[in-house]
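Chains, contacts and geometry: an overview
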Amino acid sequence: MAMATAACSRAVQVMALAMAAAVVMSTVPASGTTTTTLQYGFYGSSCPKAEETVRNVVEGMIMNDPTMGAAFVRLFFHDCFVRGCDASILLDPTRSNRQTEKTAIPLRGYDAVNKIKAAVEAVCPGVVSCSDILAFAARDSAVVSGNFAFAMPSGRRDGLVSSALDVIQGIPSPAFQLQDLIDSFAAKGLTAGDLVILSGAHSFGLTHCSFVTSRLYPTVDPTMNATFAAALKKVCPPPAKGGGGKAVSNNQVTDPNALSNQFFKNVATGQVMFTSDQTLTSRSDTAAMVADNAANPVAWMARFAAAMVKMGGIEVLTGNAGEVRKVCSATNTAS
């Protein structure tokens, strides 16, 4: 009973910290030219059960398949970093646009988002945007996979444009060094601190061997833990032998489906997948952030919540801009 009480107290503390931080961050400019105009409880009158409906469907999906939590967070990140948080990542190719964003990068969760949208449409047709559904799903993934809750403002509208070329220009590469990452995040109105904090999402989820083999072959990256590298080599063969598309867990150290500050401990011991992960310790200020997040799990949860809300305000469409799609995979006038 004492253990349960302590866990409950920590959850309440984390939620209070996260919500307070999120409220502050929601007023920060989302990019160099755009300020967010999102609201907490945006659907309070127009669709009171919107967030509850999303939460119920997301929880069920993650309980059925624990890897889905990371999939939702990754979809949200990729959507926001390409054209802003406008659900453009969800659009299918059409006869007039065969090269949408989803053709440029393999992501999971599209069908899952369509199912969430269908559930929300059954409650409130034509009211809740796909971009808000993505934001809520990412937030609710933290609840199920990370055991911490926070508020997510809404009021986003869905974009009408999706281009594969924008993915190449907007998404930071896992091969980036630190300054390239900082520059990429700065272009979206995010700081080096946001970069470090949000990288904690690599504590869970799946990647593919093709993103890892350059650090294993022909020689092991000296910044990678030798024992960790040897274990990865058993999973990921040399590029010449194929297998680049084989899925591998981001977190090979502990639970690969738990969102936590374990990532920062993994960075400190050289047990992370990407160059973009390990490079966080290449400068004293970001290395100090890694160490602090590794030592303070509750503080990291609150910071992660605030950074997610801040990221969720990047170049959003609000008011009369964009539209509210009937289905997430197509604009309302798709052809």
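Residues numbered from 1 in each chain as written. Predicted model: local features only at pLDDT ≥ 70, side-chain atom pairs only at ≥ 80, totals over all residues. Heavy atoms only, no water.

The subject of this paragraph is the packing of helix H3 (residues 68-83) against helix H4 (residues 110-123). The geometry of H3 relative to H4 is characterised by a closest axis approach of 10 Å and an angle of 85° between their N-to-C directions. One finds that H3 runs roughly perpendicular with respect to H4. Contact residues: Met68, Phe72 and Leu75 in H3; Tyr110, Ala112, Val113 and Ile116 in H4. Taken together, the residues of the contact of H3 with H4 break down into seven nonpolar, no polar and no charged. (Axes fitted to C-alpha atoms, helices over the stretch in contact; angles between N-to-C directions. Helix = DSSP H or I, 4+ residues; strand = E, 2+ residues; numbered from the N terminus. Parallel < 35°, antiparallel > 145°, perpendicular 65-115°, else oblique. Contact = heavy atoms within 4.5 Å. Nonpolar A, V, L, I, M, F, W, Y, C, P; charged D, E, K, R; others polar.)

Let's shift gears to the environment of Val127. Examined against the element boundaries, Val127 turns out to sit in the loop between H4 and helix H5 (130-146). Taking relative accessible area as the criterion, Val127 reaches 25% and is therefore assigned partly exposed. Once the C-alpha coordinates of Val127 and Cys47 are considered, the two residues, 80 residues apart in sequence, prove to be 7.1 Å apart. Those residues in contact with Val127, other than ones at most four positions away along the chain, are Tyr43, Ser46, Cys47, Glu121 and Val324. (Buried < 20%, exposed > 50% of the residue type's maximum accessible area, 1.4 Å probe, protein only.)

Turning our attention to the packing of helix H2 (residues 50-64) against H4. Where H2 meets H4, the axes come as close as 9 Å, and the angle between the chain directions of the two elements is 145°. Here H2 runs over H4; the crossing is right-handed. Of the residues in H4, those touching H2 at Ala50, Thr53, Val54, Val57, Val58 and Met61 are Ala112, Lys115, Ile116, Ala119, Val120 and Val123. Considering only residue class, the contact of H2 with H4 consists of 10 nonpolar, one polar and one charged. (Left-handed = near helix turned anticlockwise from the far one by under 90°.)

A general tendency of soluble globular proteins is for nonpolar side chains to be buried together. Counting residues in hydrophobic clusters, the biggest one holds 76 residues, and the most contacted among them are Phe72, Phe76, Leu90, Ile116, Phe304, Met308 and Met311. Here Leu90 is in contact with Lys102, Tyr110, Val113, Cys130, Leu134, Arg325, Cys328 and Ser329, once residues within four sequence places are set aside. By size, the runner-up hydrophobic cluster in this structure holds 12 residues, among which are Leu216, Phe228, Cys236 and Met273. (Core = buried A, V, L, I, M, F, W, Y, C linked by side-chain atoms within 4.5 Å.)

Right, let's get into the pattern of salt bridges. This structure, assessed with the given rule, holds 12 salt bridges. Linking Asp65 and Arg108 is a salt bridge whose minimum nitrogen-to-oxygen distance equals 3.4 Å. Residue Asp65 is found in the loop between H2 and H3, and its partner Arg108 is found in the loop between H3 and H4; the two are separated by 43 residues along the sequence. Here Asp65 falls in the partly exposed class, since its relative accessible area comes to 26%. With a shortest N-O distance of 2.8 Å, Asp292 and Arg303 are connected by a salt bridge. A residue pair is termed long-range when its members are at least 10 positions apart, and Asp292 in helix H12 (residues 284-295) and Arg303 in helix H13 (residues 297-311) qualify at 11 residues. Taking the relative accessible area as the measure of exposure, Asp292 reaches 30% and is therefore partly exposed. (Salt bridge = Lys/Arg side-chain N within 4 Å of Asp/Glu carboxyl O.)

This part covers the UniProt feature "site: Transition state stabilizer" (unreviewed entry) in the protein. Mapped onto this structure's residue numbering, the UniProt feature "site: Transition state stabilizer" (unreviewed entry) falls at Arg74. Tracing the chain through its elements places Arg74 in helix H3. When residues no more than four places from it in sequence are discounted, the contact partners of Arg74 are Ile105, Pro106 and Leu107. (UniProt positions renumbered as here; feature names shortened; annotations may be inferred.)

Glancing now at unusual backbone geometry. A negative phi angle is the norm for most residues apart from glycine, just as the trans form is the norm for most peptide bonds. For the bond running from Tyr217 to Pro218, omega is -5°, close enough to zero to count as cis. Within the fold, Pro218 resides in the loop between strand S1 (206-208) and helix H9 (226-235). Phi is positive for Ala87, close to 65°, though the residue is something other than glycine. Looking at the secondary structure, you find Ala87 in the loop between H3 and H4. Its identity is not glycine, yet Asn147 carries a phi of approximately 60°, on the positive side. Checked against the element boundaries, Asn147 lands in the loop between H5 and helix H6 (164-170).

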